[in-house]
Every structure is written in C-alpha cells, then in structure tokens.
Amino acid sequence: MVMHTVAPHNLPMDSHRALGIGRDQGTIHAAWRAKVWQLGFFYSLAALALLFSVLYLQRRRQLLYDQLVFTEQRASLEIRWRLIMEATRQGVWDWHYKAHTIYISPHWTTLLGYDCSQPVLSQWKKLIHPDDRKNALNALTLHLRGESDFFESTHRLRCRNGHYKWMQLRGR
C-alpha cells in the first residue's frame, strides 16, 4: 500500500486529503518476473549456442587431427613400401580388372629392359613365351572366375632385347 497526501496549492481545500492505492505482491513483481524470464531465456539460448559452438570446434579439431595422423601414417607406409621394393628389387603391378586400370612399378618394367614410359603390361599376353602362354592364361582365367584364391604363374616373358626371362607373377 502506498500512501500519499494530496494538497494542491491551486485548489482551495479545507484539509489535506490522503489517497491510498493498493496492489497485491504478484502485480508489483509482474514486470520484474517478465524481465527475468526474458533475460533467462536469452542467456539460456546464448549458453546453448556457446556449448554447441565449443562442441563443434572440438569435433572439427579432432577430425583435423585424425586426418593429420592418417596422412602421416600413410606417408610413412608409402616410404616403407618404397624401401621394401627397392631393397628386394622386385617389380609390382596392380591390376584392377573391373575398373580397367593398371599400375606398373618402374622397377617391373626395367626387369624386362623397358623404360617406364612404354606400356608393357597391356601387352602382357604377347610377351609370354608361346610354350607358357596356355598355362599362364589358364591360371589367370581360373582366378578371375573365382576358382582360385590367388593367381600364380611362373613363365617366361620376352625382354626388350628379344631374350626371354623367367618371371613369377602372383596376384589376388
């Protein structure tokens, strides 16, 4: 309850008048409660946005770290693979039958006396010695049909100088 005495100077009054205005506590605090709810809602949204931002940044950092580790591991494996191939002096070919792509290591072509720029494996069937061709192609056909787990064939291949060299080919 608020009390206020009213005695205006420009009004002729015999006595002062007291006015009383009363409000309940809910009405008094209604504006304050509305403001608290608004601010609470705003700060809650801000806190959630901050939380999700931090989670997003942490996840992104983890993905970048994982990618960096993967790249380093891959580079390490590639170096190891290259060192093994150089140390064993073996040639490698990788034939993706369904995709029709072939990778031939530089050392594989030099084993037959060719340089890296000459297509050798694409002419592989022509390079097989005539006496070995049937068995080599039969082993390849059995493997491509799924009748054997590995392709393995030991046969002679014609080198660039016309001589034949015994080669053992394995694949999966």
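Up top you'll find the structure we're talking about.
(A) Layout of the nonpolar core. Counting residues in each nonpolar core, the largest one holds 15 residues, and the members touching the most others are W108, L112, W124, F151, L157 and L169. Listing elements by their share of this core, those giving two or more residues are α3 (124–127), α4 (133–144), β5 (151–158) and β6 (164–171). Residues in contact with W124, not counting those within four places in the same chain, are L137, L140, F151, H155, L157 and L169.

(B) Examining the packing of aromatic side chains more closely. For the structure on display, the rule yields 1 aromatic pair. Ring geometry for F42 against Y43: centres 5.4 Å apart, planes inclined by 65 degrees, an arrangement best described as edge-to-face. One exposure class covers both F42 and Y43, and it is exposed.

(C) Spatial organisation of the pattern of salt bridges. Summed over the entire model, instances satisfying the criterion amount to 5 salt bridges. Ionic pairing is found between E78 and R74, a salt bridge with its closest N-O pair at 3.1 Å. A residue pair is termed a helical-turn pair when its members lie 3 or 4 positions apart in one helix, as E78 and R74 do in helix α1 (residues 25–88) at 4 residues. Looking at E78, the relative accessible area reads 45%, which means it is partly exposed. Here R170 ties to E152 by a salt bridge, and the two come within 3.4 Å at their closest N and O atoms. Of this pair, R170 sits in strand β6 while E152 sits in strand β5, placing them 18 residues apart in sequence. The class for E152 is partly exposed, based on a relative accessible area of 43%.

Criteria and cut-off values
- Residues numbered from 1 in each chain as written.
- Predicted model: local features only at pLDDT ≥ 70, side-chain atom pairs only at ≥ 80, totals over all residues.
- Heavy atoms only, no water.
- Core = buried A, V, L, I, M, F, W, Y, C linked by side-chain atoms within 4.5 Å.
- Buried < 20%, exposed > 50% of the residue type's maximum accessible area, 1.4 Å probe, protein only.
- Helix = DSSP H or I, 4+ residues; strand = E, 2+ residues; numbered from the N terminus.
- Contact = heavy atoms within 4.5 Å.
- Phe/Tyr/Trp six-rings, centres within 6.5 Å; stacked < 30°, edge-to-face > 60°.
- Salt bridge = Lys/Arg side-chain N within 4 Å of Asp/Glu carboxyl O.

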